[in-house]
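Coordinate inspection notes
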Amino acid sequence: MMSTTTHAIHNFSAGPCILPQSVLQQASDAVRDLDGNGLSLIEMSHRSKPFVAIMEEARQLVRTELGLPDHYEVLFLQGGASLGFLTAAMNFLPEGGSMDYAVTGTWAKNALKEAKLVGQAQALTSSEETGFDRIPALPATSSADFVHITTNNTIFGTQYAGDPVMDKPIVADMSSDIFSRPIDVEKYACIYAGAQKNMGPAGTVLYIYDKNQIGKTGRTIPSYLDLAVHADKDSMFNTPPVFAVYTSMLTLRWLRDNGGVAAAQERNAAKAACIYGEIDRNPLFQGFADVASRSVMNATFTAVDDANTADFLSACEAAGVSGIKGHRSVGGFRASMYNALPLESVEVLVEVMREFERTHG
Ligand SMILES: *Cc1c(COP(=O)(O)O)cnc(C)c1O
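1. Brief notes about the packing of helix 8 (residues 309–318) against helix 9 (residues 343–360)
Packed helices, taken two at a time, are described by the angle between their axes plus the distance between the axes. Here helix 8 crosses helix 9 at 130 degrees, and the two axes come no closer than 10 Å. Classified by the angle between their axes, helix 8 and helix 9 sit oblique to one another. For the crossing formed where helix 8 meets helix 9, the hand is right-handed. Here Asp311, Phe312, Ala315 and Cys316 of helix 8 come into contact with helix 9, specifically with Leu349, Val352, Met353, Phe356 and His360. Of the residues assigned to the contact of helix 8 with helix 9, the class counts are seven nonpolar, one polar and one charged.

2. Thoughts on the nonpolar core
Nonpolar side chains tend toward joint burial in soluble globular proteins. Residues Val62, Phe76, Phe179, Ile208, Ile275, Phe312 and Leu349 are the most contacted members of the largest nonpolar core, which totals 76 residues. With eight residues, helix 6 (residues 242–257) is the largest single contributor of residues to this core. Here this core spans two domains, since at least three of its residues come from each of domain 1 (23–257) and domain 2 (260–360). If we ignore the near neighbours within four places in the chain, the residues touching Val62 are Gly67, Leu68, Val74, Phe76, Phe179, Leu206, Ile208 and Leu252.

3. Remarks on the domain arrangement of the protein chain
Structurally, the protein chain comprises domain 1 (23–257) and domain 2 (260–360). Relative to domain 2, the C-alpha centre of domain 1 lies at a distance of 27 Å. Facing the 25 residues of domain 1 at the interface are 24 residues of domain 2. Carbon and sulfur atoms supply 54% of the area that domain 1 and domain 2 bury against each other, a total of about 2,000 Å² over both sides. For the interface between domain 1 and domain 2, the tally reads zero salt bridges. Here the residues of the side of domain 1 that touches domain 2 are counted per class, giving nine nonpolar, nine polar and seven charged.

4. Concerning the packing of helix 2 (residues 49–66) against helix 6
Orientation of helix 2 relative to helix 6, taken along the N-to-C sense of each, is 40 degrees, at an axis distance of 9 Å. Classified by the angle their axes make, helix 2 and helix 6 are oblique. Helix 2 and helix 6 meet at a crossing whose hand is left-handed. Taking contact as the criterion, the partners of Phe51, Ile54, Met55, Glu57, Ala58, Leu61, Val62 and Glu65 in helix 2 are, on helix 6, Val242, Val245, Tyr246, Met249, Leu252, Arg253, Leu255 and Arg256. Here the contact of helix 2 with helix 6 is built from residues that sort into 12 nonpolar, no polar and four charged.

Reading the values: rules and limits
- Residues numbered from 1 in each chain as written.
- Predicted model: local features only at pLDDT ≥ 70, side-chain atom pairs only at ≥ 80, totals over all residues.
- Heavy atoms only, no water.
- Axes fitted to C-alpha atoms, helices over the stretch in contact; angles between N-to-C directions.
- Helix = DSSP H or I, 4+ residues; strand = E, 2+ residues; numbered from the N terminus.
- Parallel < 35°, antiparallel > 145°, perpendicular 65-115°, else oblique.
- Left-handed = near helix turned anticlockwise from the far one by under 90°.
- Contact = heavy atoms within 4.5 Å.
- Nonpolar A, V, L, I, M, F, W, Y, C, P; charged D, E, K, R; others polar.
- Core = buried A, V, L, I, M, F, W, Y, C linked by side-chain atoms within 4.5 Å.
- Buried < 20%, exposed > 50% of the residue type's maximum accessible area, 1.4 Å probe, protein only.
- Domains from an automatic or database assignment.
- Buried area = accessible area lost by both parts, 1.4 Å probe.
- Salt bridge = Lys/Arg side-chain N within 4 Å of Asp/Glu carboxyl O.

What follows is the structure, given as structure tokens:
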């Protein structure tokens, strides 16, 4: 029997994460037969006409949904954001120059670690001393060539309130908040984002960069890490991750058909207001992140009495609220509310918290 389940499970997973039901349906159909071609998406050549069209549509949707100027390039590569840490440094950190890093969490720290293998890189600011519970203010000026930021800190639940105001071009890991809101792309020399947080399944990473700011490092870059090599081949230097690109393309169509990033921002703000309102009201819970730095995507919170933690996780499970356990480095709970998560799921979680107060308060 065909499953007609809508959201029996409320999926708060931090990543890989919830995708729109319609996207899952179309993606699974395409695995059997892509658009009536008689061939599966994953058994046809990536050089075939249908797949070339898919790659082009995916890249084009990124352009239109983010309003990219013509001098920005769009690529779908592999290696996740973790290879992006190295790739970004390889392509932007000049020989003899330097790159500043805002160290706001585990991923930011990892990014800096990789950059140090490439050249001169250092922390510009850090919130490590307070357990990464906030976004430290960026100075307006930096003496480095580029400044690297992590726009949303998935593990700690902190996020920049908007595009940073700096006198240097920004290189940004946007893995967990890309397409969650409009951005002023001209502030960024390069944006990279693993697909599996807000765009699609694991297996591809999106790169967006200013073509005028590339090719200036003076360094020889291995082919796969050289963004210009990929751009020259229209993101088909080697076999692309066809399923991940196709499913990301479907999610981008869904985003477009639902009002784009501006409407996503409104829906995300409503979801965040709902959960944070309850975290602040309910005496049994407390927020982890500093209020001014709270993430719209990942709300981190803990039980005031740690003895309640296991019980609350059981209560969530019983209500179909899935993926709520906090990252091991923070503990407690994390509600990830990516684009595809409906407000109703957040309302169910809030109801579980209220009921928990009635039974455990
Ligand atoms: C998940 C995540 C990463 C790591 O992504 P991979 O694709 O697994 O390498 C990097 N940065 C941020 C902000 C993330 O949320």
